Amino acid sequence: MAKIIVVTSGKGGVGKTTTSASFATGLAMRGHKTAVIDFDVGLRNLDLIMGVERRVVFDFVNVINGEATLKQALIKDKHLDKLHILAASQTRDKDALTTEGVEKVLNDLAQDFDFIVCDSPAGIERGAFLAMYFADEALVVTNPEVSSVRDSDRVLGILSSKARLAEKGETKVKEHLVLTRYNPARVAKGEMLSLEDVKEILAIPLLGVVPESSSVLTCSNSGVPVIREEGSDAGLAYQDLVARFLGDEVPHRFITEQKKGLFSKLFGAT
């Protein structure tokens, strides 16, 4: 059976979809058959970041409503045979997602996939709740700012009390912290929370720190998950994150300020 992982946070714009795309891509790059689902009905973006927006014919809601089969709606990634994308609907209401419908789609996917990654919308409305409800594990994405961390803390409360595993009382959703847009130089200036601050507030295990990087925007605009960007700090951070998730022992990078050497100071090299 597949493992279901939700990528979530309380606040919008923190990098959930970027993380979902790179995380799912990274799992497939490591040989695991992976499906990634966009739960943001009405505001879909995952297909853009994955570069498949022109290939969307049927979507998540079409499958739930019986208007298309899962096989018809799943889009195979152009580069990775083991990666498939299920787009959200742009024209339906968020209430189009039903608990029974989502459960059936996840159960059907679980027959053929190793991992199912659920890209949650922001906030705690229906789509976000359903993305979290069936999860076995959660990547809680946050920025190093107070409002983002506070909203993520609220999401942790929902995961621990309202997810299906919590309702059954058997176990709990395994939570992982993903800290995005981190800039140690700005931390040193007191312009953003430190990694230690965030870890202390949320008190969940750190999976990865993704540095501030122009590559994220460039790749998003090009329809390429940043994990595929050779040499990009953000791409390397996501590769490390996936490796840790799969059990590899990988040291954390990009969490301390890189001091410039004499050559860089003299000639302005970056």
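Our subject is the structure that appears above.
Residues numbered from 1 in each chain as written. Predicted model: local features only at pLDDT ≥ 70, side-chain atom pairs only at ≥ 80, totals over all residues. Heavy atoms only, no water.

## Re the sheet that holds strand E5 (residues 115-119)
Pairing in this open sheet of eight strands is mixed, and the strands run E3-E4-E2-E5-E1-E6-E7-E8 from one edge to the other. Only two strands of the sheet have a single partner each, and these edge strands are strand E3 (75-76) and strand E8 (206-211). One ladder, built from four bridges, connects strand E7 (residues 174-182) with E8; its direction is parallel. Across the sheet, leucine 177 pairs through a bridge with leucine 206, a residue of E8. (Pairing = 2+ DSSP bridges. Helix = DSSP H or I, 4+ residues; strand = E, 2+ residues; numbered from the N terminus.)

## Side note on the packing of helix H6 (residues 126-133) against helix H7 (residues 146-162)
One can describe the packing of H6 onto H7 by two numbers: an axis separation of 10 Å at closest approach and a directional angle of 55°. It follows that H6 is oblique to H7 by the angle criterion. Crossing hand, H6 versus H7: right-handed. Together, Phe129, Met132 and Tyr133 of H6 and Val155, Ile158, Leu159 and Lys162 of H7 make up the contact between the two elements. (Axes fitted to C-alpha atoms, helices over the stretch in contact; angles between N-to-C directions. Parallel < 35°, antiparallel > 145°, perpendicular 65-115°, else oblique. Left-handed = near helix turned anticlockwise from the far one by under 90°. Contact = heavy atoms within 4.5 Å.)

## Concerning the pattern of salt bridges
This structure, assessed with the given rule, holds twelve salt bridges. Between glutamate 145 and lysine 11 there is a salt bridge, and its shortest N-O distance comes to 3.5 Å. Here the residue glutamate 145 occupies a position in the loop between strand E6 (137-142) and H7, and lysine 11 occupies one in the loop between strand E1 (3-8) and helix H1 (16-29), the gap between them amounting to 134 residues. Between glutamate 196 and lysine 199 there is a salt bridge whose closest N-O contact spans 3.7 Å. (Salt bridge = Lys/Arg side-chain N within 4 Å of Asp/Glu carboxyl O.)

## What to know about the packing of aromatic side chains
What describes a pair of aromatic rings is the distance from one ring centre to the other and the angle between the planes of the rings. With the rule as written, the count across this model stands at five aromatic pairs. For the pair phenylalanine 39 and phenylalanine 60, a centre-to-centre distance of 5.1 Å together with 80° between the ring planes defines the contact as edge-to-face. Residue phenylalanine 39 is found in the loop between strand E2 (34-38) and helix H2 (46-49), and its partner phenylalanine 60 is found in helix H3 (residues 60-64); the two are separated by 21 residues along the sequence. Of the two residues, phenylalanine 39 and phenylalanine 60, both sit in the buried class. Measuring from ring centre to ring centre gives 5.5 Å for phenylalanine 129 and tyrosine 133, while their planes differ by 40°; the resulting arrangement is tilted. One end of the pair, phenylalanine 129, and the other, tyrosine 133, are both in helix H6, four residues apart, so they sit about a helical turn from each other. The exposure class of phenylalanine 129 is partly exposed, given its relative accessible area of 26%. Within the aromatic cluster, the residues linked to one another by ring pairs are Phe23, Phe115 and Phe245. Directly above the aromatic system of phenylalanine 113 lies the positively charged group of lysine 33, at a separation of 4.9 Å from the ring centroid. (Phe/Tyr/Trp six-rings, centres within 6.5 Å; stacked < 30°, edge-to-face > 60°. Buried < 20%, exposed > 50% of the residue type's maximum accessible area, 1.4 Å probe, protein only. Lys NZ or Arg CZ within 6 Å of the ring centre and 35° of its normal.)

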